[in-house]
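# Breakdown of the fold
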Amino acid sequence: VNSRQHPPEIPPPSGKDWPKEEEENFFLLDPDRKRDVLPQPFRMIHKLVMQVFESAVEIIEEREMLREAQKRKVQPIKCFPTAEFQVTERANCLAVSGKYIFVGLSVGLAAFSRCDLKDVCTWDAAQTEICAIHASALGSECHVLLAVDEMGLAWLFCFHKESFLLIKTLNEVEDISQRSPCVEVVLSRGGDYAGILLQGNTEAWLEIYQLPKDSWLTEMEENSGAAEELAWSERRSSSSSVGTFLLQELPVPAIQDDIKLDPPELLLTVRPPKPITGTSFKGPLDALKEVGDGSTLGLGYNHLIKDSQWELQEAIFCSTYQEYLEAEGVTKEEIPRYATFHFLLPSRILMGPEMEVEPDIPVGIGVHWYGNHNFCLYLLNPSLKDKAGSDLKPDVVWPCAAPIACSAVSSCSRYLALAGEDATITIWDKHLGYPLSVTAILEERFIRSIHFL
């Protein structure tokens, strides 16, 4: 057992272990600079070179971070064309219907087969440039096409058994100076209706046509059968004259040149709403009578504000906000010259209790004019039209808080999306007639188009 008799003591330091003054920070000295320090101007050059290297290292690290962040993102799938076909002229637009691809060219139309991508038929009789084209299938071998050329003419075609047939030019007139160019065309799904938007010198209007597709199909089937019988008789006569029956396929014209199909019927003419002016009613009773006679609510025409009250209110407003009006400039309200319209399938709002309709055929159209707050719905039933010569009034009006910038209808035609100029998107249930959701986009954003996916 070891036992200490005295407490432990710290031994005093010895003089030989004390560090010298010049060697206190010897471990901080650079071995390369131990002998000598760089003189000027080498020290400045050394400093600049080190700054360049440090900046380069920072740039490299920043790029590495960006590269790593890009790798962590979901990379989009790159799609490459599986096939291609060549056109003889410049292609401006195209539409797909059934097993055919219709291409608008600089000198007419062309049809290509989706199976082998071969040129099936071309139309260049008018030598006009096609700028827009819409197509819809009427059957397995028949399609209706609505095209617009560079001069604003709306061409209606029927494509049957690999042959184009011009039915009518919808806005063609004898006097070219009186022609109203077409700026927008819409073809309903199934080819029952067609709509064109025309612009005149001072106004614009919308024309809705009903297409007699049943009579077209009947007429073309009859002529196709007659053409086949004629070709068969010619084939038998030619084979009997030679004495030997040659197994060769003679060309059979699908549609004869002298076929004349029934023209479409002009169903509706929709004009933009007029600006609201002073009332013509003498009292509230006259306004109630106008509403009782079937006048549409929501347009703002049936009011009791006189012209003098409008002028007084405008004078008060201009005097109150004169400095702001002078800075921004005052623009006079004008009649709109552009509209967006959709064909709508049956719903509770557009269908009456006694109306018999088919679920896949449109019963109305929805229209909103540029800069207007109202989305107007019109029935396509001719018996419900207003009297000839009078302005057609909408059957249903949906007012919005802000001017409507764009709109979209779902494929089932039940949901309607309205985007206002205040960057709000409202989704409506058209069957029930109430909004499902309202979404506000960031400020200072203007919505130009909207689509359902």
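Coordinates for the structure precede this section.
Throughout, residues of each chain are indexed from 1 in the direction in which the sequence is written. Owing to the predicted nature of the model, reporting of local features is limited to residues with pLDDT of at least 70; listing and counting of side-chain atom pairs is limited to 80 or more, with chain, interface and lining totals taken over all residues. Values reported for side chains reflect all heavy atoms of the structure, with hydrogen atoms and water molecules removed beforehand.

### Digging into the pattern of salt bridges
Test applied: Between Lys or Arg on one side and Asp or Glu on the other, a salt bridge is scored when a side-chain nitrogen of the former is within 4 Å of a carboxyl oxygen of the latter. In DSSP terms, a helix is any run of H or I states spanning at least four residues, a strand is any run of E spanning at least two, and both are numbered starting from the N terminus. Burial classes follow relative accessibility: with a 1.4 Å probe on protein chains only, a residue under 20% of its type's maximum area counts as buried, one over 50% as exposed, and anything between as partly exposed.
Applying the stated criterion to the full structure yields 6 salt bridges. Between Arg 90 and Glu 129 there is a salt bridge, with the nearest N and O atoms lying 2.5 Å from each other. With a gap of 39 residues between them, Arg 90 in the loop between α1 (42-72) and β1 (91-97) and Glu 129 in the loop between β4 (119-123) and β5 (130-137) connect regions that are remote in the sequence. Residue classification places Arg 90 among the partly exposed positions, given a relative accessible area of 48%. Among the ionic pairs, Asp 429 bridges to Arg 414, the shortest N-O distance being 3.1 Å. Of this pair, Asp 429 sits in strand β19 (residues 424-429) while Arg 414 is found in the loop between β17 (404-409) and β18 (415-420), placing the two residues 15 residues apart along the sequence. By relative accessible area, Asp 429 is classed as buried at 3%. When its relative accessible area of 28% is taken as the criterion, Arg 414 is described as partly exposed.

### Observations concerning the sheet that holds strand β14 (residues 364-369)
As a reminder of what qualifies: In this description, strands pair whenever DSSP reports at least two bridges between them. Here an angle of 0 to 180 degrees is reported between the N-to-C directions of two axes, which are lines fitted to C-alpha atoms, with helices fitted over the stretch in contact.
Spatially, 4 strands are ordered β13-β14-β15-β16 in an open sheet, and the strand pairing comes out antiparallel. Across the chains shown, the open sheet's two edge strands, defined by having one partner strand only, are β13 (339-344) and β16 (396-399). Shown here is a sheet whose adjacent strand axes are inclined to one another by a mean of 20°, direction ignored. Strand direction decides the pairing type here: β13 and β14, joined by 6 bridges, are antiparallel. Each residue of the ladder has a partner; that of Phe 343, found in β14, is Ile 365.

### Quick notes on the nonpolar core
The cut-off we apply is this: Definition used in this section: a nonpolar core is a set of buried Ala, Val, Leu, Ile, Met, Phe, Trp, Tyr and Cys residues joined via side-chain atoms within 4.5 Å.
Among the nonpolar cores identified, the biggest contains 24 residues, and Leu 156, Ile 196, Trp 216 and Leu 261 are the most heavily contacted of them. Mapped by element, the contributors of at least two residues to this core are β6 (142-149), β7 (154-160), β8 (164-169), β9 (182-187), β10 (193-199), β11 (204-210) and α2 (213-242). Here the element with the most residues in this core is β6; it accounts for 4 residues. Counting residues in hydrophobic clusters, the runner-up holds 20 residues, among them Tyr 193, Ala 339, Phe 343 and Leu 392.

### A short note on the side chain of Ser 97
The test is simple: Contacts are assigned to residue pairs that have any heavy atoms within 4.5 Å of one another.
Within the secondary structure, Ser 97 sits in strand β1. Every residue in contact with Ser 97, bar those within four places of it in the chain, is listed here: Phe 102, Ala 135, Ser 136, Ala 137 and His 143.

### Considering the sheet that holds β11
Within a sheet, adjacent strands bond to each other through the backbone by hydrogen bonds, running parallel or antiparallel. An order of β9-β10-β11-β12 is seen for the 4 strands of this open sheet, with the pairing classed as antiparallel. Both edges of this open sheet fall to β9 and β12 (265-270), since each of them pairs with a single strand only. Averaged over all pairs of adjacent strands, the angle between strand axes in this sheet comes to 20°, irrespective of strand direction. As paired strands, β9 and β10 are joined by 5 bridges and run antiparallel to one another. The residue bridging Val 185 from the neighbouring strand is Ile 196, located in β10.

Honestly, it's all geometry; don't read function into it.
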